[in-house]
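# Results of the structural survey
Each chain is listed here by its residues.
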Amino acid sequence: LSGDVDVTTLTIGNTVANVAINGDGSTVTNDIDFANDGTLQLGDATGDTLTFNGGLDTSGVGSTVTLNGTINASDDAITLGADTLGSNTTVDTNAASTNTADLNIGAVTGGSNTLTLSTENNIANADITASGAISGVTTLTISNAGGTATLSGDVDVTTLAVGNTVANLAFTGNGSTVTNDIDFANDGTLTLGASGGTQTYNGGLDTSGVGSTVTLNGTIATSNDAVTFGAVTLGSATTIDTNASNTTGDIAIGAVTGGSNNLTLTTGDNVANSDITASGAISGLGNLTLADVGGTATFSANVAAAALSADSTVANLVFTGASNTFSAASTLANDGTLQFGDATGDSFTFNGGLTTSDVGGTVTLNTSISTSNDALVFGAITLGNNITLDTNATNTTGDLTIGAVTGGSNTLTLTTENNIANADITASGNISGVTTLTLTSVGGTATFAGDVDVTTLAVGNTVANVAINGDGSTVTNDIDFANDGTLQLGDASGDTLTFNGGLDTSDVGGTVTL
């Protein structure tokens, strides 16, 4: 049918083989269910327009369905099975009321043509459902969708466009690849990915313009392209990976609502300045894993997660949120620098313990760090502010281990807990530049094996045993030891300890060994 076909009712049953309705301007009034057992072609040129005022259904066609031009309805549902595009194609239901003019489409073979899918802007529940794989489409445009547009198949397109006349988008197809730099701007919700799946945005992506909740699932990857998220919610375990090969592959993310799911962030190992910037609060997270970060990962707001981990493929880490809590054992072994806090009032609680002894660069503490009866294990540290380290021990698991300390003219307070036997402090390195070193509430033994040079040393009667063994140690104040256990000063005949303000051990509760 090559001319303009305008009929009230069109009927095509399964005794018909092939059908081609090519007339520009054709209009069919009835709800037409094509059922021919051969091929179906609707339109034969980009400029053609065919209108099905009662809607249409091609899912019963026996062979290939080819679309060209614009396929319209007038507030009527359109259901398409698998389709091949013969030219640039628009499918539009022109929805005017709720729930009547949905658009359903199966697999699409694009033939290097564009595809635009539309219901109507601000018509609630006027949905688009694309259930099949979409391939070979140059530009896929979701336009004027008042309900939810769901793309659940593997969508591989050169350009994806989603503007602010689209309400909700669920782009969940595993294996989907988008080539352009896509800036999602729909004014409703956005869901990307599926649990265990992978989507790749080879030009990068930006969801900061989305109007409502953005939910992430699976792996969201780029190929050395920037990723910018506003606030996100995790719908399942999520990995964000830019596969950076230079400085363009950064990650920026806002607030994260974790839903007890794990989050892995990665740019590229040994790629300098491929950074991660997390500017919003992170809450309800499972494990937070940093891997292959060549630049600096900065978390400037509060972080609440289970375990925190970073291995030697991560360069620099900065955590500066005011209140941070980790509920599982956390180990940091990044090969660059590590900073906790940027103000004395910040707090970090590692309820499963913390180990930083394998960090490759300077570890700077600007605030107090505590646990709930869990071990703290530090290598060398630098103090950026007055610091307290406290394990809140209730048994022998809450030990505190520390390496060398560069004080920067700040105070350092070390504590496990009073009357908790064998809740020990072990300081293996030299301690210098500390104004006041205070031991408080130590139920086990506090051992200082390195050269301890401090202005003021304070040891009260809530401390059990103390051993200061570092040759060359110097204390400036008049120190009155009052611990209620043993005291050892030096551990070899060649050791020298100097107390420039004087020394009094008469209040020590146990044996004093010199």
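As a starting point, this report considers the structure included with it.

Cut-offs and rules
- Residues numbered from 1 in each chain as written.
- Predicted model: local features only at pLDDT ≥ 70, side-chain atom pairs only at ≥ 80, totals over all residues.
- Heavy atoms only, no water.
- Helix = DSSP H or I, 4+ residues; strand = E, 2+ residues; numbered from the N terminus.
- Rg over C-alpha atoms; globule rule 2.2 N^0.38 Å.
- Areas by Shrake-Rupley, 256 points an atom, 1.4 Å probe, with all protein chains shown as cover.
- Core = buried A, V, L, I, M, F, W, Y, C linked by side-chain atoms within 4.5 Å.
- Buried < 20%, exposed > 50% of the residue type's maximum accessible area, 1.4 Å probe, protein only.
- Contact = heavy atoms within 4.5 Å.
- Pairing = 2+ DSSP bridges.
- Phe/Tyr/Trp six-rings, centres within 6.5 Å; stacked < 30°, edge-to-face > 60°.
- Patch = residues over 30% accessible without salt bridge, like charges linked within 9 Å, V, L, I, M, F, W, Y side chains within 5 Å.
- Salt bridge = Lys/Arg side-chain N within 4 Å of Asp/Glu carboxyl O.
- Lys, Arg positive; Asp, Glu negative; His and termini not counted.
- Charge placed at Lys NZ, Arg CZ, Asp CG, Glu CD.

## Structural notes on the overall build of the protein
Helices and strands together make up the secondary structure of the protein, namely 0 helices and 58 strands. On C-alpha atoms alone, the protein measures out to a radius of gyration of 33 Å, which is more than a quarter above the 24 Å that the 2.2 N^0.38 rule sets for 514 residues. Principal-axis analysis of the C-alpha atoms places the extent of the protein at approximately 110 × 35 × 30 Å. Here the protein has roughly 17,800 Å² of accessible surface; of this, 44% comes from carbon and sulfur atoms.

## With respect to the nonpolar core
One finds Phe34, Leu140, Phe184 and Leu389 to be the most contacted residues of the largest nonpolar core, which totals 124 residues. In contact with Leu140, other than residues within four places in its own chain, are Leu115, Leu117, Ile134, Leu151, Val155, Val157, Thr159, Leu160 and Ala161.

## A word on the side chain of Thr93
Counting through the fold element by element, Thr93 comes out in the loop between strand 10 (83-92) and strand 11 (103-105). For Thr93, a relative accessible area of 0% corresponds to the buried category.

## Let's talk about the pairing of strand 39 (residues 347-350)
Residue alternation in strand 39 divides its side chains into a buried set, Phe348 and Phe350, and an unburied set, Ser347 and Thr349. Relative to strand 42 (residues 368-370), strand 39 runs parallel, the two being bridged by 3 bridges. Looking across to strand 42, one finds that Phe348 is bridged to Ile369.

## Quick look at the packing of aromatic side chains
Counted according to the given criterion, the structure contains 10 aromatic pairs. When the centroid spacing of 6.3 Å and the interplanar angle of 80 degrees are considered together, the rings of Phe34 and Phe52 count as edge-to-face. In this pair, Phe34 sits in the loop between strand 4 (32-33) and strand 5 (40-42) while Phe52 sits in strand 6 (residues 49-52), placing the two residues 18 residues apart along the sequence. Its relative accessible area of 1% is what places Phe34 among the buried residues. Each ring, one from Phe299 and one from Phe319, has its centre 4.8 Å from the other, and the planes form 5 degrees; the classification is stacked.

## Let's talk about unusual backbone geometry
Phi at Asn94 is positive, roughly 50 degrees, even though this residue is not glycine. Positionally, Asn94 belongs in the loop between strand 10 and strand 11. A positive phi angle is found at Asn144, which is not glycine, with a value near 55 degrees. Relative to the assigned elements, Asn144 resides in the loop between strand 14 (134-143) and strand 15 (145-151). Taking the relative accessible area as the measure of exposure, Asn144 reaches 23% and is therefore partly exposed.

## Some points on the pairing of strand 47 (residues 405-415)
As paired strands, strand 44 (residues 381-383) and strand 47 are joined by 2 bridges and run parallel to one another. Bridge pairing in strand 47 links Ile381 to Val405. In this sheet, strand 49 (residues 431-439) lies alongside strand 47 in parallel orientation, the contact comprising 6 bridges. Bridged to Leu412 within strand 49 is Leu437.

## Section: the environment of Leu412
Take Leu412: it is sitting in strand 47. The spatial distance from the C-alpha of Leu412 to the C-alpha of Thr438 is 6.3 Å, given a sequence separation of 26 residues.

## A short note on a negative patch on the surface
A cluster of acidic residues, Asp4, Asp6, Asp24 and Asp44, forms a negative patch at the surface. Relative to the elements of secondary structure, Asp6 occurs in strand 1 (residues 6-7).

## A short note on the side chain of Asn186
Here Asn186 shows up in the loop between strand 19 (182-183) and strand 20 (190-192). Accessibility expressed as a relative area gives 0% for Asn186, which makes it buried. Residue contacts for Asn186: discarding those within four places in its chain leaves Val162, Gly163, Asn164, Val166, Ala167, Asn168, Leu169, Gly209, Val210 and Gly211.

## Focus: the environment of Asn99
For Asn99, the position within the fold is in the loop between strand 10 and strand 11. In sequence terms Asn99 and Asn125 are 26 residues apart; their C-alpha atoms lie 5.7 Å from each other. Aside from chain neighbours lying at most four places away, what touches Asn99 is Ala124 and Asn125.

## Comments concerning the environment of Thr337
Its location among the elements puts Thr337 in the loop between strand 37 (330-332) and strand 38 (338-340). For Thr337, a relative accessible area of 36% gives the class partly exposed. Taking the C-alpha atoms as reference points, Thr337 and Thr362, 25 residues apart in sequence, are found 4.9 Å from one another. With near-sequence residues (within four places) excluded, Thr337 lies in contact with Ala315, Asn316, Leu317, Gly361 and Thr362.

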